[in-house]
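Now for the letters of each chain:
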Amino acid sequence: MSDLLRALAGDRPERTPVWFMRQAGRSLPEYRELRVGTRMLDACLTPDLAAEITLQPVRRHGVDAAVFFSDIVIPLRLAGVEVEIEPGRGPVFANPVRTADDVARITAIDPADLDGTAIAEAVGIVTAELDETPLIGFAGAPFTLAAYLIEGGPSKEHLRARAMMHADPESWGRLAGWLSRISRRFLEIQRDAGASVVQLFDSWAGSLSPADYRRHIAPHSHAALEGIGVPSIHFGVGTGPFLADMRLDGVADAVGVDWRMPLDEAIRVLGPDVAVQGNIDPALLQAPWPVLEEHVRDVIERGRGGKGHVLNLGHGVPPDTDPDQLTRIVRLAHGEL
Ligand code: CP3
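Below: a short report on this structure. Along each chain, the written sequence defines residue order, and numbers are assigned to residues from 1. Reporting of local features is limited, given that this is a predicted model, to residues whose pLDDT is at least 70; pairs of side-chain atoms are given and counted only at 80 or more, and all residues count toward the totals for whole chains, interfaces and linings. The basis for every side-chain value is the complete set of non-hydrogen atoms in the structure, without hydrogens or water.

**Description of the nonpolar core**
As used in this record, nonpolar core signifies buried Ala, Val, Leu, Ile, Met, Phe, Trp, Tyr and Cys residues forming a set joined through side-chain atoms within 4.5 Å. Relative accessibility thresholds used throughout: buried, under 20% of the residue-type maximum; exposed, over 50%; partly exposed, between the two (1.4 Å probe, protein chains only). Among the nonpolar cores identified, the biggest contains 118 residues, and Trp172, Leu175 and Ile329 are the most heavily contacted of them. Strands here mean DSSP runs of E at least two residues long; helices mean DSSP runs of H or I at least four residues long; both are numbered from the N terminus. Counting residues per element, this core draws most heavily on helix α10 (residues 169-193), which supplies 9 residues. Contacts: residue pairs with any heavy atoms within 4.5 Å of one another. Residues within four places of Trp172 in sequence aside, it is in contact with Phe143, Ala146, Ile150, Ala161, Met164, Met165, His216, Ile217 and His220.

**Topic: the site of the ligand**
Near, as used in this document, describes a residue that has one of its heavy atoms within 4 Å of the molecule or strand being considered. Around the ligand sit 26 residues in total, of which Arg22, Tyr31, Arg35, Ser203 and His315 are the nearest. Two N or O atoms count as a polar contact when they lie within 3.5 Å, although within protein this holds only if one can serve as hydrogen donor and the other as acceptor, and sequence-adjacent residues are included solely when both atoms are side-chain atoms. The contact in question runs from an oxygen atom of the ligand to an N or O atom on the backbone of Gly88, over 2.8 Å. Within the side chain of His315, an N or O atom sits 2.6 Å from an oxygen atom of the ligand. Computed with a 1.4 Å probe, the accessible areas rest on the Shrake-Rupley method; for each residue, only the protein chains presented here act as cover. Considered on its own, the ligand offers 870 Å² of accessible surface; in the complex 90% of this is hidden by protein. Sorting the residues of the shell around the ligand by element identifies α2 (29-35) and β3 (90-93) as the ones contributing at least two each. Each residue is assigned to one of three groups, with Ala, Val, Leu, Ile, Met, Phe, Trp, Tyr, Cys and Pro labelled nonpolar, Asp, Glu, Lys and Arg labelled charged, and all others, Gly among them, labelled polar. By residue class, the composition of the shell around the ligand is 15 nonpolar, 6 polar and 5 charged.

**Looking at the layout of surface pockets**
Here the largest pocket is characterised by a volume of approximately 1200 Å³. Definitions used for this entry: grid spacing 1 Å over protein atoms alone; cavity, a set of points where a 1.4 Å probe fits but cannot get out; pocket, an open set with protein on both sides within 12 Å along at least 5 of 7 lines; lining residue, one with an atom within 4 Å of a point. Taken together, 38 residues line the largest pocket, and the ones lying closest to its centre are Arg22, Arg26, Asp71, Ile85 and Gly90. Secondary structure elements with two or more residues in the lining of the largest pocket: α2, β2 (83-86), β3 and α8 (142-151). The dominant element in the lining of the largest pocket, judged by the number of residues it contributes, is α2, at 3 residues. Here the lining of the largest pocket is built from residues that sort into 21 nonpolar, 10 polar and 7 charged. Grid points are joined across faces, edges and corners, and a volume is the space filled by probe spheres set on the points. Within this model, the second largest pocket holds a volume of roughly 280 Å³.

**Examining the pattern of salt bridges**
Definition used for salt bridges: Asp or Glu carboxyl oxygen within 4 Å of a side-chain nitrogen of Lys or Arg. Going through the model one piece at a time under the given rule, you end up with 22 salt bridges. One salt bridge connects Arg59 with Glu129, and the closest N-O pair in it is separated by 3.3 Å. Of this pair, Arg59 sits in helix α4 (residues 47-61) while Glu129 sits in helix α7 (residues 117-129), and the two are 70 residues apart along the sequence. Note on Glu129: relative accessible area 49%, which makes it partly exposed. Between Glu151 and Arg160 there is a salt bridge; the shortest N-O distance is 3.0 Å.

**Focus: the pairing of strand β5 (residues 197-202)**
The element β5 is extensively covered by neighbouring structure, given that 6 of its 6 residues are classed as buried. A two-sided burial pattern is seen for β5, the buried positions comprising Val197, Gln199 and Phe201 on one face and Val198, Leu200 and Asp202 on the other. Bridging between strand β4 (residues 135-140) and β5 involves 5 bridges; their strand directions are parallel. Within β5, the position partnered with Ile136 by the bridge is Val197. In this description, strands pair whenever DSSP reports at least two bridges between them. Direction of pairing for β5 relative to strand β6 (residues 232-236): parallel, over a ladder of 5 bridges. Each residue of the ladder has a partner; that of Gln199, found in β6, is Ile233. By convention, a crossover is right-handed whenever its connection, traced from the first strand over the helix to the second and viewed with the strands pointing away, goes clockwise. After leaving β5, the chain enters helix α11 (residues 210-225) and then returns to the sheet as β6, a path that is right-handed.

Any functional reading would require information beyond the geometric quantities listed.
Rendered as structure tokens:
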């Protein structure tokens, strides 16, 4: 069994498994070269291109997992929703979903109709090329997707999405339930094509109060992951105030921890039944190697008390990262430095 799967099962392999969120793309010159002239979402839907971009960081860094090159808004595009990714900004929707009518219209789309052919083909190319290295499939959690869909684009406090929960809880429940089925379908397509782990990204969950998270979000994220049949990681940013809820009542095999909370403290809060993933501060990738090295050793040390530990960043790789810093982290985790 691969070191990643062992750690997710609560085992302690000799070498700490490591991969990086957003390792595919952005910081790699070989990625930028491949992407010239192709829009982000078109690249995601071109199977040999998506497969090649997925494999680049595995070859370069020797990470313990590939993460599928795609985006959380891809299943929405496949469902016929008009969305683009604006460089440097993020997902932008032509028709934001704000009213009860908007919600009724979009939720009339059946997630089962989503055409996963291009995704399955890309995953198939990747898994045929990867020997032992597992491929992580992923999806956006219902709240993070709703935050984009309701605002129509990136926002700081996701006010409109949080408002809908209280102003029109019925529409909110309908939309979040639909998004959980959309994301579930995206995970199933990747799993069926060969992904052996899945991660649910709730990047913006940190803007919620614990009460709202429990009542309006957790049941939908739970539904997206429950019974998926492969090990799962549930990741959020700024989720310290309700970290234990991120376990989703035992549905998640591992919880992602951002850089704000020391990992040993997170492990205490989460308890002995769940593995952890994280939590190198992405800002330290800019520091001289000896400074970063000390931080990474500290994270690994604090992770020892966990049921299992997958080394990762507390959030994604910033675009201006020197890729050699990432390679050094991998070598350190593997005991080669
Ligand atoms: O992790 C990986 O390497 C796999 C690929 C991946 C991408 N997006 C590729 C991407 C994954 C897992 C995602 C998930 C994603 N997409 C999230 C959750 C993870 C997180 O970082 O919080 C979110 C919130 C999105 C939405 C999104 N897509 C944003 C905010 C942006 C940034 C816009 C920008 O240009 O700064 C994107 C675009 C995006 N997704 C890029 C990549 C490689 C950059 C586009 C490019 O290179 O042209």
